[in-house]
Amino acid sequence: MNKSNKYLFPFILVTTLFFLWAFLHNINPILIPHLKKACQLSDTQSAFIDTTVYLAYFSIALPAAWLMHPYGYKKGILVGLLLYGLGALVFIPAASTRDYSIFLAGLFVMASGATFLETVANPYITKLGDEKTAAQRLNLAQSFNGVGAFVAPIVGGQIILSGIEHTKEELQQMTPGKLTEYLNFEASTVKIPYLIIGLVVLILLAVFFFSKLPEIKDKEETGGSNFSFKVFRHVHLKWAVIAQFFYVGAQVCVGSFFIRYSRYVDDIPEKVAANWWFIAMVGFMLGRFSGTFLMKYIKPARLLGVYSIITILLLLIAVFFKGTVAVYTVMLIPFFMSIMFPTIFAMGISGLGEEAKIGSSFLVMSIVGGAIFPLAMGQISDATGGNIQLAYLVPIICFIVIGYFAWRFKDLFADTSITH
């Protein structure tokens, strides 16, 4: 059996995990307006949905790496699946009590599981084959991450969002009993989908438990531990962590407030906006596949730089124009964001050997950017009387940093394989 065939089944199995954290992140643009209604939140309060998810990444990434380093990739996957499944089931009591803090607790547990999965799966995929094609392989696996990205808006838009949107005046005119009945109905729509998610993930846990996954040892590994903060002596990793911090912040900002943005600039109903975001996520998935193809001919760093410039231009249109054109512009952005996370990730851990495990954990920790920048957007919106359009200046700043990272390391890697 040749090397590629040896790693084919593990590659396919681990690639299924990419769907899970994509679903978690891309259901947030649905949960934010939904729980804003059901729990009667402000824009800033609703942004804590993103904050909770990405704080989990920040706080759990290093423990995930500490477990993975001595115990291997498979055990990290098992822990991640267990946490993810249990966190999803927490949504059932949260919906029954309509307690926002319980919703956030369930999200934190789910995100902790996703942190384990992402900390393990990203470097593991780069090891399942030739190092020269690591970036392409990771982009291919992340393409299936795109499947989760467009399934989430379908599930959320059709099952979770009710399409009932009362004004503040209409809510104030309701009797206390009618108001409670309406809010309980809104909260209850998450019960069935999250019950199904929890059960499916626990079944997947059993599949992984009984499957044989190879534990890959790097040539540089001699039995000692290279796990330390000294990994930041690699300048490209340090800057990759910074770039990833800003990228995830930008990605979350663009998607999380899309439904609010669509209502603000073009008065689009929530269910229609959710369907439009589904189309945007299809673009995200297509961007991953096309990006993988383009990297056969274009340096990943160069493609990253070009896409950064395009997203900045699109966001400028989104900030300064109104109507359907502005909404369509935001819908185009996911296509160009699609290659950014895996490309930054692959560039960051390239050439690190066994240190790729700790490097991976720091790159996953940098996802905490998704906890910070949406809060800034929510505060800008609340401070300007609900002007969520102006708040889209925040991701512009993020993409400028990513463009700088791409430019600075445009010559560091000799070819499209991103070898060190």
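About the thresholds
Residues numbered from 1 in each chain as written. Predicted model: local features only at pLDDT ≥ 70, side-chain atom pairs only at ≥ 80, totals over all residues. Heavy atoms only, no water. Helix = DSSP H or I, 4+ residues; strand = E, 2+ residues; numbered from the N terminus. Buried < 20%, exposed > 50% of the residue type's maximum accessible area, 1.4 Å probe, protein only. Contact = heavy atoms within 4.5 Å. Areas by Shrake-Rupley, 256 points an atom, 1.4 Å probe, with all protein chains shown as cover. Phe/Tyr/Trp six-rings, centres within 6.5 Å; stacked < 30°, edge-to-face > 60°. Polar contact = N/O pair within 3.5 Å; in protein donor to acceptor, adjacent residues only side chain to side chain. Core = buried A, V, L, I, M, F, W, Y, C linked by side-chain atoms within 4.5 Å. Salt bridge = Lys/Arg side-chain N within 4 Å of Asp/Glu carboxyl O. Expected span 1.5 Å × (residues − 1). Axes fitted to C-alpha atoms, helices over the stretch in contact; angles between N-to-C directions. Parallel < 35°, antiparallel > 145°, perpendicular 65-115°, else oblique. Left-handed = near helix turned anticlockwise from the far one by under 90°. Nonpolar A, V, L, I, M, F, W, Y, C, P; charged D, E, K, R; others polar. Patch = residues over 30% accessible without salt bridge, like charges linked within 9 Å, V, L, I, M, F, W, Y side chains within 5 Å. pLDDT = per-residue confidence, 0-100.

Asks: Describe the overall build of the protein chain, with residues and values.
Replies: Each helix and strand in the protein chain was counted, giving 22 helices and zero strands. Within the protein chain, the proportion of its 420 residues that are buried is 60%. By sequence separation, contacts in the protein chain at least 24 residues apart represent 86% of the contacts at least 6 residues apart. Accessible surface, the protein chain: about 16,200 Å² in total, of which carbon and sulfur atoms supply 69%.

Asks: Kindly report on unusual backbone geometry, identifying the contributing residues and their values.
Replies: One non-glycine residue, Q40, adopts positive backbone phi at about 55°. Note on placement: Q40 falls in the loop between α4 (28–38) and α5 (43–46). Q40 sits in the partly exposed class, given a relative accessible area of 45%.

Asks: Pulling in residues and values, what's your account of the packing of aromatic side chains?
Replies: If you walk through the whole model with that rule in mind, you get 20 aromatic pairs. On the numbers, 5.3 Å between centres and 55° between planes, the contact of F405 with F409 is tilted. Judged by relative accessible area, F405 falls into the buried class, the value being 1%. Taking relative accessible area as the criterion, F409 reaches 5% and is therefore assigned buried. Aromatic ring contacts, followed pair by pair, group F91, F103 and Y194 into a single cluster.

Asks: Please provide a residue-by-residue account of the environment of A356, values included.
Replies: Relative to the helices and strands, A356 resides in helix α20 (residues 356–365). In this structure the C-alpha to C-alpha distance between A356 and A346, which are 10 residues apart in sequence, comes to 9.8 Å. Leave out the neighbours within four places in its chain, and A356 touches P123, K127 and I349.

Asks: Any details on the side chain of R260? Residues and values, ideally.
Replies: You can see R260 is positioned in helix α15 (residues 258–266). Of the residues examined, R260 reaches a relative accessible area of 18% and is grouped as buried. Within the structure, the side chain of R260 is placed 3.4 Å from the backbone oxygen of G386, a separation counted as a polar contact. If we skip the residues at most four places from it in the chain, R260 touches K36, D43, S381, G386 and I388.

Asks: How would you summarise the nonpolar core if you had to cite specific residues and measurements?
Replies: With 140 residues, the main nonpolar core has L17, L81, Y194, Y247 and Y392 as its most contacted residues. Leave out the neighbours within four places in its chain, and Y392 touches C253, V254, F257, F258, Y261, L315, V319, V330 and M377.

Asks: How would you summarise the pattern of salt bridges if you had to cite specific residues and measurements?
Replies: Counted according to the given criterion, the structure contains five salt bridges. Here K36 and D43 are joined by a salt bridge, their closest N and O atoms 3.5 Å apart. Accessibility expressed as a relative area gives 4% for D43, which makes it buried. When the shortest N-O distance is used, the salt bridge between K37 and E270 registers 3.0 Å. With K37 in helix α4 and E270 in helix α16 (residues 270–294), the pair connects residues that are 233 residues apart, well separated along the chain. Classification of K37 by relative accessible area gives buried; the value is 17%. Each of K36, D43 and R260 takes part in one network of salt bridges that share partners.

Asks: Go over helix α18 (residues 324–337) with me, naming the residues and quoting the values.
Replies: Spanning 14 residues, α18 covers 21 Å between terminal C-alpha atoms, matching the ideal 20 Å at 1.5 Å per step. All buried positions along α18 are accounted for by A326, V327, T329, V330, M331, I333, P334, F336 and M337.

Asks: Could you give me a rundown of the packing of helix α9 (residues 100–127) against helix α19 (residues 340–349), with the residues and numbers involved?
Replies: With their axes 11 Å apart at the nearest point, α9 and α19 run at an angle of 70° to one another. One way to sum up the angle between α9 and α19 is to call them roughly perpendicular. Remark: the crossing between α9 and α19 carries right-handed chirality. Taking contact as the criterion, the partners of E118, N122, P123 and T126 in α9 are, on α19, F341, F345 and I349. Across the contact of α9 with α19, the residue classes tally to four nonpolar, two polar and one charged.

Asks: I'd like a description of the environment of L314, backed by residues and values.
Replies: Mapped onto the elements of the fold, L314 is located in helix α17 (residues 300–320). On the basis of relative accessibility, which here comes to 12%, the residue L314 falls in the buried class. In sequence terms L314 and T329 are 15 residues apart; their C-alpha atoms lie 5.9 Å from each other. Leave out the neighbours within four places in its chain, and L314 touches T329, L332, I333 and F336.

Asks: Summarise the packing of helix α7 (residues 73–89) against helix α13 (residues 191–209); cite the residues concerned and give the values.
Replies: Interhelical geometry of α7 versus α13 gives an angle of 160° and a closest axis separation of 7 Å. Relative to α13, the element α7 lies roughly antiparallel. α13 is crossed by α7, and the crossing has left-handed handedness. Facing α7, whose interface residues are K74, I77, L78, L81, L82, Y84, G85, A88 and L89, α13 presents Y194, L195, I197, G198, V201, L202, L204, L205, F208 and F209.

Asks: Requested: an account of a nonpolar patch on the surface, with residues and values cited.
Replies: A contiguous nonpolar patch, built from I309, L313, L316, I317, F320, F321, V325, L390 and L393 and spanning about 820 Å² of accessible area, is present on the exposed surface. Of the residues forming the nonpolar patch, the biggest block, five residues, is contributed by α17.

Asks: Explain the confidence of the model for the protein chain residue by residue, including any values.
Replies: Across the protein chain, the average pLDDT comes to 83, with 90% of residues at or above 70. At the low end of the mean pLDDT range in the protein chain sits helix α1 (residues 3–6), at 60; at the high end sits α18, at 95. For residues 220–225, every residue scores under 50 in pLDDT, and the model assigns this stretch five contacts once sequence neighbours within four places are set aside. Across residues 413–420, confidence stays below pLDDT 50; counting only partners more than four residues off in sequence or on other chains, it has 29 contacts.

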